[in-house]
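Results of the structural survey
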Amino acid sequence: SADQPHQNLAIIGHVDHGKSTLVGRLLYETGSIPEHVIEQHREEAEEKGKGGFEFAYVMDNLAEERERGVTIDIAHQEFSTDDYDFTIVDTPGHRDFVKNMITGASQADHAVLVVAADDGVAPQTQEHVFLARTLGIEELIVAVNKMDVVEYEESTYDEVVEEVTQLLGQVQFNTEDASFIPVSAFEGDNVSEASDNTGWYDGDVLLEALNGLPEPEPPTDAPLRLPIQDVYTISGIGTVPVGRIETGVMNTGDSVSFQPSDVGGEVKTIEMHHEEVPEAGPGDNVGFNVRGIGKDDIRRGDVVGPADDPPTVVDTFQAQIVVMQHPSVITAGYTPVFHAHTAQVAGTIESIDRKIDPSSGEVADDEPDYIQSGDAAVVTIRPQKPLSLEPSSDIPELGSFAIRDMGQTIAAGKVLEIDERE
Ligand code: GDP
């Protein structure tokens, strides 16, 4: 309902372990598929003499949209528990999933890790857990899926739990902040109701575990940071930059600064959902107008902040990165594209300062010659054009980025320290 706190949920895990099926199951069990849609397919299925049609419909629909390459409108992937309204922040299987997760287009509060009982920890299980850790996801619900395939064997479940627990330990995930649930997304075991097939399990079912997640912490005392997505010219108003407020509050009358374009002025009007508002806060998508700012003065990738606490523009920055996939090795001088908030800027890895052992967090190697897939490292980066970023410890929303090259997300990172541009 409208007054419940909101949670952004990521569904992560290895391909084919059942992420889409689990999303479909969650939507179905919570009644989030419109009744008329279900009714229509019920009739169709009856005509064709098919059983089990309702859930199958959800899955067919998701699969079909994926095949057409459509990014399913994430606004439609919503469901509610007693205490929260959940939005699935990205479409499982969507190829930009990892990038979106990092650049904040879809920053998740919590995540469900799907691990197929018949396969256990697989490469992407590892990669996504690593990523979740880097991005500061605090609580993980581990759905040990496809329990039907392993005949609901407790011993198989225990083995997978043990394997995942080890993985979490390696990336220093607090295992007390992870809960494990044996489920079958396909059959519906332990999703909304305790299953008779797993009499040996007496913990929460998935929807209970989701409902028991801690409330996401609202970004509170951080200053205004609003990355610009687009800049429009609207007759009668003038230049209208639009974007989503990541942190802080914007009021009409505020004096603001656009960085790195380095222009500023007074906020005249703020519009949200086609209505003028005096104030907007974190999560609000706004269009606004600033006295004296023309369309060519600002651009996508600029960040708006208070004139007396403007967004930081970096000369170089030090970051911790995790290399997720790279066909060969990364050495100093490598110049891929950095995606941070709404900005995309080429940047050179000037130095690889140290390699980190993910199991201990300790320095494994000082100034290594190269890093490769699976490595975590601290590197120094020089953007080729001005870029606004913040240390992740100050403003996490503006402190993470994805590194892309050859149409792939190569690495994820968070900003440790910034050497400011004069
Ligand atoms: P994703 O790549 O992680 O999104 O995986 P999908 O949801 O597409 O599932 C991959 C395959 O596993 C599909 O054929 C699903 O029908 C099947 N699957 C998913 N969950 C279950 C389950 O709980 N039990 C069984 N038997 N099959 C499942």
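Residues numbered from 1 in each chain as written. Predicted model: local features only at pLDDT ≥ 70, side-chain atom pairs only at ≥ 80, totals over all residues. Heavy atoms only, no water.

Some points on the site of the ligand
As a structural note, the neighbourhood of the ligand is formed by 16 residues, with Asp-16, Lys-19, Ser-20, Thr-21 and Asp-148 the closest of them. One of the backbone nitrogen or oxygen atoms of Gly-18 is found 3.0 Å away from an oxygen atom of the ligand. Take Phe-186: an N or O atom from its main chain is 3.2 Å from an oxygen atom of the ligand. Here the ligand has 580 Å² of accessible area as a free molecule, and 77% of this is covered by the chains. Looking at the shell around the ligand element by element, the count peaks at three residues for helix 1 (residues 19-29). In terms of residue class, the shell around the ligand is made up of four nonpolar, seven polar and five charged. (Near = heavy atom within 4 Å. Polar contact = N/O pair within 3.5 Å; in protein donor to acceptor, adjacent residues only side chain to side chain. Areas by Shrake-Rupley, 256 points an atom, 1.4 Å probe, with all protein chains shown as cover. Helix = DSSP H or I, 4+ residues; strand = E, 2+ residues; numbered from the N terminus. Nonpolar A, V, L, I, M, F, W, Y, C, P; charged D, E, K, R; others polar.)

Digging into the pattern of salt bridges
Any two side chains of opposite charge can pair, given that their charged atoms come close. Under the counting rule described, the total for this entry stands at eight salt bridges. Where Arg-244 meets Glu-246, a salt bridge forms, and the shortest distance between an N and an O atom there is 2.8 Å. On the basis of relative accessible area, Arg-244 is assigned to the partly exposed category, the value being 22%. Each of Arg-225, Asp-309 and Glu-390 takes part in one network of salt bridges that share partners. (Salt bridge = Lys/Arg side-chain N within 4 Å of Asp/Glu carboxyl O. Buried < 20%, exposed > 50% of the residue type's maximum accessible area, 1.4 Å probe, protein only.)

Here's the deal with the packing of aromatic side chains
Tallied over the full model, the rule gives eight aromatic pairs. Between Phe-338 and Phe-401 the ring centres are 5.7 Å apart and the planes differ by 55°, which places this aromatic pair in the tilted class. Separated by 63 residues along the polypeptide, Phe-338 in strand 17 (residues 337-340) and Phe-401 in strand 22 (residues 400-405) bring together distant segments of the chain. Just as Phe-338 is buried, Phe-401 falls in that class too. One aromatic cluster is present, built from ring pairs that chain together Phe-79, Tyr-84 and Phe-86. (Phe/Tyr/Trp six-rings, centres within 6.5 Å; stacked < 30°, edge-to-face > 60°.)

Section: helix 6 (residues 154-170)
Residues separated by three or four positions in an α-helix point in the same direction, a consequence of the helix having 3.6 residues per turn. The first and last C-alpha atoms of helix 6 sit 24 Å apart over 17 residues, in line with the 24 Å expected at 1.5 Å per residue. Within the sequence span of helix 6, burial applies to Thr-156, Tyr-157, Val-160, Val-161, Val-164, Leu-167 and Leu-168. In a view along the axis of helix 6, the buried residues occupy a sector of 135°, so they form one face of it. Looking at helix 6, the residues exposed on the side facing more than 90 degrees away from the buried face are Glu-159 and Gln-166. (Expected span 1.5 Å × (residues − 1). Arc of directions from axis to C-beta.)

Side note on the pairing of strand 18 (residues 343-356)
Of the strand pairs in this sheet, strand 17 and strand 18 are connected by four bridges, and their pairing is antiparallel. Opposite Phe-338, over in strand 18, you have Val-345 as the bridge partner. Between strand 17 and strand 18, which pair antiparallel one after the other, the connecting turn spans two residues, and His-341 there sits at a positive phi close to 35°. Taken together, the three bridges between strand 18 and strand 19 (residues 363-366) define a ladder with antiparallel strand orientation. Looking at strand 19, one finds that Ile-356 is bridged to Val-363. (Pairing = 2+ DSSP bridges.)

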